[in-house]
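Observations on the three-dimensional arrangement
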Amino acid sequence: MATLNTLFSNPTTLIPSHSPNSFPIPCSSTTREGEYLKTKFRTSGLSFTAPLTSTIESLELKFGRKGIKFLESGEIELTVRNGSSLKVQIPNGHITSYKPKVYWKDDGYEEVLHTLDGPSHSRGGIALVINNLPPGDDEWTVEDVDSDSIDALQVELRCSRGSLEMKYVVSLYPLSMATAVIVKNNGGKAVSLSSAILTHFRFTSRGGTGVQGLKGCSYSTHPPPYSPFQIMSPSEAIKPQDPGLFSFGWEPEKKPGLWSVQDVPITVLKHKVSRVYAAPPQERSKAYHRSPPSKYEIIDQGRELFFRLIRMGFQEIHLSSPGSSYDNKDYFICTGPASMLVPLTLNPGQEWKGAQVIEHDNL
């Protein structure tokens, strides 16, 4: 397994700062909507068109080990020594579950992702979004897995779209998980892409939902990028909403394209917002400009949970909440690193990598 501290010096890896070992960072990616939950899987160039049970048995035989299990649902389940676990769907790279160990739960674990079942594929969870991809195969395949005494687990998925070769690595540790994507342009022409890693965090109380660490950062109303795993569409996310009664101090969101500066230490996400935190595009050409922080915190006051998000390789942060469109038991926020306002440009032979780490101190 490649070392994680070298993720950006070595394009295949990265790791949480507190991890005692070095492992590549994980990431998930999405493509066009449609054909996701097929019973056809491929591993390391081998194509499987046999029944799903036979396919899972083949994956288990080739890649299975302690802490890494291939499920009949078409998911890979990672479980580290302290019981923290996650699930990722093989064909589409969608992370549907993350259950870290927490101190107050009787069984010790708490689901923190908001994921909804759908007729063709699930929505929410954690999704890597890469838009403007050239035509090609929509499926992710299992390329490799690795582990270290089940204190650090990793699965690497692979997908090709036209001239682009993409790797998606998902890693799990006792106190964190990570998602990382590496995209290489093997063609003869430059390619422009927009990308994001969007995490849908589950909450039990609208009023107890907040984000800390963005004070002093510039932001503007902006829809999330299109994703087949979205819960709110881009148009729905920026549609104005009546805040209802007892909304003292509430101010409507400004129109897209108008920039403001965050002036409070904690953003309470009781009402509907959809924002991009970033240096305005016209400022980025200047020698000195203020970029969004590399890390910020998610606060769930209702369950007394705290998560730290770390971005790498992306230039922006997306943040949205549904407001009164959803009641407390179904409440969620969507956030994560992004490159939306200024597309990524990959020249021939060039490689780009981006990642997100979710750390927590809930033990």
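Residues numbered from 1 in each chain as written. Predicted model: local features only at pLDDT ≥ 70, side-chain atom pairs only at ≥ 80, totals over all residues. Heavy atoms only, no water.

Some thoughts on the layout of surface pockets
Roughly 550 Å³ of volume is contained in the largest pocket. If you trace the largest pocket, you find 23 residues lining it, with Tyr219, Glu251, Glu253, Thr267 and Arg275 closest to the centre. Taken together, the residues that form the lining of the largest pocket break down as nine nonpolar, seven polar and seven charged. (1 Å grid on protein atoms, 1.4 Å probe; cavity = no way out; pocket = protein on both sides within 12 Å on 5 of 7 lines; lining within 4 Å. Points joined across faces, edges and corners; volume = space filled by probe spheres on them. Nonpolar A, V, L, I, M, F, W, Y, C, P; charged D, E, K, R; others polar.)

A closer look at empty space enclosed by the protein
All told, the structure shown has two cavities of 30 Å³ or more when counted by the stated rule. Counted as a void, the largest cavity has a volume near 80 Å³. Around the largest cavity sit Leu198, His200, Pro224, Pro225, Ser227, Phe229, Gln230, Ile231, Met232, Ser320 and Cys334, which together line it. Looking at the lining of the largest cavity residue by residue, the class counts come to seven nonpolar, four polar and no charged. What lines the second largest cavity is simply Val112, Phe201, Arg202, Phe203, Ile298, Asp300, Arg303 and Phe307. Breaking the lining of the second largest cavity down by element, the ones donating at least two residues are β14 (191-202) and β20 (295-300). (Helix = DSSP H or I, 4+ residues; strand = E, 2+ residues; numbered from the N terminus.)

Things to note about the confidence of the model for the protein chain
Confidence in the prediction for the protein chain averages 82 pLDDT; 80% of positions are at 70 or higher. Within the protein chain, no element has a lower average pLDDT than strand β2 (residues 46-48), which sits at 35, and none a higher one than strand β13 (residues 176-185), at 97. Every residue in residues 10-51 is under pLDDT 50, and counting partners more than four places away or in other chains gives 171 contacts. (pLDDT = per-residue confidence, 0-100. Contact = heavy atoms within 4.5 Å.)

Points about the pattern of salt bridges
Side chains that differ in sign of charge can pair as their charged atoms come close. Scanning the model with the defined rule gives twelve salt bridges in all. Between Asp146 and Arg65 there is a salt bridge, and its shortest N-O distance comes to 4.0 Å. Of this pair, Asp146 sits in strand β10 (residues 141-147) while Arg65 sits in the loop between α1 (52-63) and β3 (68-70), and the two are 81 residues apart along the sequence. In this structure Arg65 comes out as partly exposed when scored by relative accessible area, which is 36%. When the shortest N-O distance is used, the salt bridge between Glu143 and Arg158 registers 3.5 Å. On the criterion of sequence distance, the pair formed by Glu143 in strand β10 and Arg158 in strand β11 (residues 153-161) is long-range, its members being 15 residues apart. (Salt bridge = Lys/Arg side-chain N within 4 Å of Asp/Glu carboxyl O. Buried < 20%, exposed > 50% of the residue type's maximum accessible area, 1.4 Å probe, protein only.)

Some remarks on the nonpolar core
By size, the foremost hydrophobic cluster in this structure holds 62 residues, and its most contacted members are Phe70, Ile76, Val183 and Ile298. Apart from the residues lying within four places of it in its own chain, the contact partners of Phe70 are Ile56, Leu59, Glu60, Phe63, Gly64, Glu75, Ile76, Ile90 and Val142. Core analysis: the second largest hydrophobic core is formed by eight residues, Leu198, Ala278, Cys334 and Ala338 among them. (Core = buried A, V, L, I, M, F, W, Y, C linked by side-chain atoms within 4.5 Å.)

Considering the pairing of strand β23 (residues 332-346)
Counted residue by residue, β23 has eleven buried out of 15 residues, so it is predominantly covered. Inspection of the sheet shows β14 paired to β23 by nine bridges, in the antiparallel sense. Within β23, the residue paired with Phe201 across the bridge is Ile333. Here strand β22 (residues 316-321) pairs with β23 via five bridges, running antiparallel. Bridge pairing in β23 places Ser320 opposite Cys334. (Pairing = 2+ DSSP bridges.)

Quick notes on the packing of aromatic side chains
Following the criterion strictly, the structure yields five aromatic pairs and no others. Ring centres of Trp140 and Tyr168 lie 5.4 Å apart, and the angle between their planes is 50°; on these two criteria the pair is classed as tilted. Remark: Tyr168 occurs in strand β12 (residues 164-173) and Trp140 occurs in the loop between β9 (126-131) and β10; sequence separation between them is 28 residues. Both residues of the pair, Trp140 and Tyr168, belong to the buried class. The interplanar angle of 35° and the centroid separation of 5.8 Å between the aromatic rings of Phe201 and Phe307 together place this pair among those described as tilted. With Phe201 in strand β14 and Phe307 in strand β21 (residues 305-312), the pair connects residues that are 106 residues apart, well separated along the chain. Per residue, the accessibility class of Phe201 equals that of Phe307, and both read buried. (Phe/Tyr/Trp six-rings, centres within 6.5 Å; stacked < 30°, edge-to-face > 60°.)

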